[in-house]
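# Descriptive analysis of the structure
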Amino acid sequence: MAESKIPVFSAKWSEEEKGKWGLVVDQDLCTGCQACVTACAMENNIPFVGEEDAAYGRAMHWIRLERFWEGEYPQVKATPFQAVMCQQCGSAPCEPVCPVFASVHSQNEQLNIQVYNRCVGTRYCANNCPYVARTFNWRDYDRPEPLNNQLNPDVTVRRRGIMEKCTFCVQRIRKTEDAAKSEGRDVYDGEVEPACVQACPAEALVFGRIDDPESAVSKRMQSGRAVKLLEELGTQPRVTYLKGGD
Amino acid sequence: MTDKLTRRDFLKLAGAGAAATAILTGCGPASRYVVREPYTQMPEYTYNGQSTYYATTCRECPAGCGIVVRTHQGRAIKIEGNKSHLVNLGKTCARGQAALQGLYNPDRVQEPVRQNGRGSGDYTTLTWEDAVIVVKDALADNRPGEVAFLLGLAPDHLADLAAEITAALGAPSPIRYGAYGMFEARNTLAEAAGRVLGNRSLPVFDLANADVTFSFGANFLETWLSPVAYSRGYARMRRGTAGSRGHLVQFEPRQSQTASKADEWIACIPGTEGLLALALGRLVAESRGGALPEAFLDVDVVAIAAASGADEETLRRLAALLAGAEHPLVIPGGAALGLSNGLETAEAVLALNALLGNLGKTGGVSLTPELPVHAGNRRLPNTLVELADLTEKMKAGKVKVLFIHGVNPLFEFPAALDFAAALANVPLVISFASFPDETAAQSDFIFPDHTPLESWGYQFAAPAADRPVLSGSQPVVVPFYNTRATADVLLAAVQALGGDLATAIPYKDEVEFLQQSVLGLVTENGFFNAPEINTFWAQWQQFGGWWTADAALTTPLAASALTRSLRLPEAEFEGEGEFLLHVFPSPLMGDGTGANKPWLQETPDPMTTVMWNSWVEINPKTAEELGLEDDDVVRLVSPFGEIEASVYRYPAIRPDVIAMPFGQGHSAFGRYAAGRGSSPARLLPVKINGAGDLAFSAVKVRIEKTGKIRPLARNESRLGVYGEE
Amino acid sequence: MLERIKKLNLLEKARELVRKPVFLIGTGLLFLLLFSAAGYGVWTTQQPPPQPIQFNHSVHVGLGVQCLYCHPGAWRQASAGLPTSGKCWGCHQQMANTKPEQQKLVEYVNSSEPIPWVPVFIQPDFVYFNHRPHIAGGVNCETCHGEISRLTVAEPIAGQNMGWCLDCHRTTAGDDEEKLIRLTDCSTCHR
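What counts and what doesn't
Residues numbered from 1 in each chain as written. Chains lettered and ligands numbered in written order. Predicted model: local features only at pLDDT ≥ 70, side-chain atom pairs only at ≥ 80, totals over all residues. Heavy atoms only, no water. 1 Å grid on protein atoms, 1.4 Å probe; cavity = no way out; pocket = protein on both sides within 12 Å on 5 of 7 lines; lining within 4 Å. Points joined across faces, edges and corners; volume = space filled by probe spheres on them. Helix = DSSP H or I, 4+ residues; strand = E, 2+ residues; numbered from the N terminus. Nonpolar A, V, L, I, M, F, W, Y, C, P; charged D, E, K, R; others polar. Domains from an automatic or database assignment. Contact = heavy atoms within 4.5 Å. Buried area = accessible area lost by both parts, 1.4 Å probe. Polar contact = N/O pair within 3.5 Å; in protein donor to acceptor, adjacent residues only side chain to side chain. Salt bridge = Lys/Arg side-chain N within 4 Å of Asp/Glu carboxyl O. Buried < 20%, exposed > 50% of the residue type's maximum accessible area, 1.4 Å probe, protein only. Core = buried A, V, L, I, M, F, W, Y, C linked by side-chain atoms within 4.5 Å.

## Some thoughts on empty space enclosed by the protein
Residue and element names in this part refer to chain B.
- Across all of its chains, the model carries 17 cavities of 30 Å³ or more by this definition.
- For the lining of the largest cavity, the elements supplying multiple residues, two or more each, are helix 4 (100-103), helix 7 (179-184) and helix 16 (409-412).
- Its residues assigned to classes, the lining of the largest cavity comprises 18 nonpolar, 13 polar and seven charged.
- Residue assignment places the lining of the largest cavity across two domains, with domain 1 (108-178 + 381-449) and domain 3 (579-718) each supplying three or more.
- Volume-wise, the second largest cavity comes out at about 150 Å³.
- Residue lining of the second largest cavity: 16 residues in total, with Cys93, Leu221, Glu222, Pro227 and Pro587 positioned closest to the centre.
- For the lining of the second largest cavity, the secondary structure elements donating two or more residues are helix 3 (94-97) and helix 9 (227-239).
- At three residues, the largest contribution of residues to the lining of the second largest cavity is made by helix 9.
- For the lining of the second largest cavity, the residue count by class is 11 nonpolar, three polar and two charged.

## Quick look at the domain arrangement of chain B
All names here are of chain B.
- Considered domain by domain, chain B is made up of domain 1 (108-178 + 381-449), domain 2 (182-366) and domain 3 (579-718).
- Of note, the centres of domain 1 and domain 3, computed from C-alpha atoms alone, are 29 Å apart.
- Contacts between the two partners involve 16 residues from domain 1, matched on the other side by 25 residues from domain 3.
- Summed over both sides, the interface between domain 1 and domain 3 buries roughly 1500 Å², with carbon and sulfur atoms accounting for 69% of that surface.
- When residues of domain 1 are sorted by the area they lose upon contact with domain 3, Leu384, Phe411 and Glu438 head the list and together hold 37% of the total.
- Linking domain 1 to domain 3 there are seven residue pairs in polar contact (both at pLDDT 80 or more).
- Mapped onto the side of domain 1 that touches domain 3, the elements with two or more residues apiece are helix 15 (384-395) and helix 16.

## Points about the interface of chain A and chain B
- Of the residues lining the interface, 67 residues belong to chain A; the matching set on chain B comes to 77 residues.
- Summed over both partners, the interface of chain A with chain B comes to about 5600 Å²; 56% of that surface belongs to carbon and sulfur atoms.
- Ranking the residues of chain A by area buried against chain B places A:Glu51, A:Trp69 and A:Tyr73 at the top, with a combined share of 13%.
- Where chain A touches chain B, the interface holds nine salt bridges.
- B:Glu80 serves as the salt-bridge partner of A:Arg172, at 3.4 Å between the closest nitrogen and oxygen.
- Connecting chain A to chain B are 32 residue pairs in polar contact (both at pLDDT 80 or more).
- For the side of chain A that touches chain B, the secondary-structure elements that each account for two or more residues are helix 1 (35-43), helix 2 (51-55), strand 2 (64-66), strand 4 (77-78), helix 4 (170-182) and helix 5 (195-199) of chain A.
- Its residues assigned to classes, the side of chain A that touches chain B comprises 36 nonpolar, 14 polar and 17 charged.

## Re the pattern of salt bridges
- Scanning the entire structure with this criterion turns up 65 salt bridges over all chains.
- Put simply, A:Glu193 and B:Lys83 hold a salt bridge, and the shortest N to O gap is 3.1 Å. One end of the pair, A:Glu193, is in the loop between helix 4 and helix 5; the other, B:Lys83, is in the loop between strand 3 (75-81) and helix 3, on a second chain.
- For B:Lys83, a relative accessible area of 53% puts it in the exposed group.
- The salt bridge involving B:Arg567 is made with B:Asp298; its shortest N-O contact spans 2.5 Å.

## Examining the layout of surface pockets
Residues and elements named next belong to chain B.
- Estimates place the volume of the second largest pocket at around 690 Å³.
- If you trace the second largest pocket, you find 27 residues lining it, with Ser201, Arg379, Leu380, Phe460 and Pro463 closest to the centre.
- For the lining of the second largest pocket, the class distribution of residues is 14 nonpolar, six polar and seven charged.
- Split by domain, the residues of the lining of the second largest pocket number at least three in each of domain 1 (108-178 + 381-449) and domain 2 (182-366).

## Things to note about the nonpolar core
- Ranked by size, the top nonpolar core spans 96 residues in total, and within it A:Leu23, A:Met85 and A:Phe168 carry the most contacts.
- Residue contributions to this core reach at least three from each of two domains, namely domain 2 (182-366) and domain 3 (579-718) of chain B.
- Among all residues touching A:Met85, those that are not within four sequence positions of it are A:Leu23, A:Val25, A:Trp62, A:Ile63, A:Ala133, A:Cys166, A:Val239 and A:Tyr241.
- Among the nonpolar cores identified, the runner-up in size contains 81 residues, and B:Leu202, B:Phe296, B:Leu380 and B:Val469 belong to it.

## Section: the side chain of B:Arg108
All names here are of chain B.
- Inspection of the secondary structure assignment puts Arg108 in the loop between helix 4 and strand 4 (113-115).
- Residue Arg108 is classed as buried on the basis of its relative accessible area of 5%.
- Polar contacts involving the side chain of Arg108 include one to the main-chain carbonyl oxygen of Leu103, which spans 3.0 Å.
- Among the polar contacts made by the side chain of Arg108, one reaches the side chain of Glu454 at a distance of 3.1 Å.
- When neighbours within four sequence positions are excluded, Arg108 is seen to be in contact with Gly102, Leu103, Ser434, Phe435, Pro436, Thr451, Glu454, Phe480, Tyr481 and Thr483.

Structure representation (structure tokens):
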């Protein structure tokens, strides 16, 4: 029998998969200032949708700050702001449901990649994402001249019908890796900064290699306050949250 | 059916063919014939397709953070923090991030214009030569006493130039005012520092190294003075630079974003913050034993507990916490100072710092020395009293020409000041606004300044760093439109005028003025040193400003701090309504200039997650009593005006207080701002506190139902927080 | 009942219509038109675009000018870059410039106008091609750009699609699994 030419797609992740890039969110430090939200939009060419669509929940934030209330006045307390973005799951629920392999796992970077040119907009991935981290381009959102001048040339401008989400600023990762390689060295810790991490005034966000035990991000993950969101689902999220205060 | 192909069918077929082509070739030809124009002479530091980074200063608020702008092929594409800048150390806030949407805003004023009839929107384009003549004639044809400059809190270099011109002309000094200074009551804090600490300037609070911090209304994580610097300080305080995780207690009637990060929030009655500081002072002094200082002698803790809404037990516990702390710090600010007793409140809090013995110490209160750059010029905004003087002069017809830059009086000032009527009484109003704001719409001429990212300049950083910082601006892109630097327009007018004035103001352009201004720094011990101005200037541009090589804060005088008797008058409120109005500047809209940036509009408010609108926060219990639900539109009525806004049931606000963010409610200012939400400036009183600042919190309002419903776009509803209905 | 008969009649008529040769020919023509239009579209993408100057690559390469002299970006960054007219003039000011195409250059230089080149080798917006690693990996310019030294005006190579990229990436990786992962990762080219 002739060998099939159709490539076999199979999940390669396993329980002991360590991942590559990771993010630590220290909720004790986060002031809820939204700098990450805006920085992300500026870096990643995220369109603004306007009031009406925003009210329908179609705003395109790749990162959002969740805030809940506990108790009643006067003993009321806002829960610590919780920045939620794509958790870059090691075992991502969004991946197996995509019929066109637009939501795929990058073996190289250990990230969930959304391949815009494959995406046909079924939105299965968004429905399957337990973190509600994916946003969908319901329209071709208008960016009137000359606002388009600030578009980042390193990031694809998405059009209507495309699903998108946080990429850990993969364009910055690739750029830094390329620069390091051209200089014949390794990427050093802290060299890659996604836009949110770069902006955060409180330095509540730390990004780096989680497979390097010496990295700043690995060290902070050792904290007794470290938790992962909905870890019990077996998604192996790469984002770690530090709850409470030391 | 006929075999003939009609013209209509043919077009349909052709259309289908074109569509098929487009699909099958991936839109090939359309995107194919782009043109690439290489440089004719490439700048030596540029590589094709590589980004170039320029250091400059963010001017979205007057704090003076250093930024580095990524430019790509002549376009500014991303704002990043300047890592060596001592105010923000590479960090930015949301407003700074969105500043690019000001530069590339579709609604900018693109060229100098004359308006044919104020408010008509009928503009005639002028050349810049004509514009200079208009300014020249305005200076020449009027007596110096009839010329007035009204400037915003940024940029400082323009204020220094205007001060120099008015001094040489014999005209009154420029008035500087803006919503940031107004809602922070900066003069009140400075005046209190003058009385208690012997130096009338804004103190620096070393939050980073404090272990117990009490904040009396200071919303330092949002807009207060230097939010990025204080956010960094907050984070370091939490990470325990002082040894263990710092403790933060906030006293204010509405739980602000800052209070939401505090360990304890004391929802005191507005106007009692100063009393609480006195009570805490007395309890701390008692616990230490010995003679009570004069300042806290006449303090009745029990009465204060009753008056403030905080129980005595809590006060004693908090006092013990403060007394036992190694690096205690108390901060006055925000709405607590914007009351009729705001000055006394600030004095009480600063005196408490003196009692705690943290003056000039790590984790305490210090002062920033002045830099030898136009030393002696006022760095604080003017008081409301001085602004009201100007308004009265305008109303009396004593101002013949008014130059406006960096401030939008018709939006930012309390409507009760009636600046609109005063403006109408000025024969010649020249606005230098980059955007068609409300005031520009009521001006005779708009001579648009460059936006900050296209500008030269400097800004004295708001005191927050461990040393004085002069933050430098340089253009990161070529001006996008036919705009011109206001400093250059003024200088050209002065040169055209000639005579003594031109001799007194000898600068040929803005850059020469800037270089002459910073000349005094060349010989100072800066973090970079240069033998002469050209080398200095190159490094100034490279690093984005100048600061001293070493930490350089001074210790305030504590001698008189505790020997003065402190008395807190009861706060007075205007109006008969049953609710105290608490107005706070929106962390995203700021002084209202954020409203024309679509991404700031779509960034959710931190506490309510509301986007694209303004709202009124009401305690859920109160709302229930009034029969109000979320999104119900209510009318707020104060003695000075009324506005409508949608209700947001806010769980963390006193039941007798309602709160509203400032920044929305523009009637002009471009497509993203105009006609969106409502501005509480219409409700504010013109009432002053002891320092002459606006007592903006001193008003009571009435709530009227309108029966209308206007849903707010909220991020949280998407997550199902209130999704139970 | 009447309704049904009417419907049947209509159906019957439609069937008749379909059987008519006119209809069949018409449909055939329609498809022919569609495909030829599509074919034409594809064809246009493979044509060299009109350029402001009929730049002769073969002459320059023949004179010994290295590719990287004019396109120095290729060995250190994503974009190979186009030379500034200042660079052209560096050599051309030393010659007579009598030919009409050379005269065009003289005009551009004298007027300080940039030359509006039209890119020939172009990738879709969602592809992030980077020259540097290719040159660093020892790929010759000719491997992708064809025998440009024999061409006058640069011409596109047919079939530069993703399969073509991946073929080379797979061959280069060979048995090196890690390299294969790196070179065939989506995020390598799409982001």
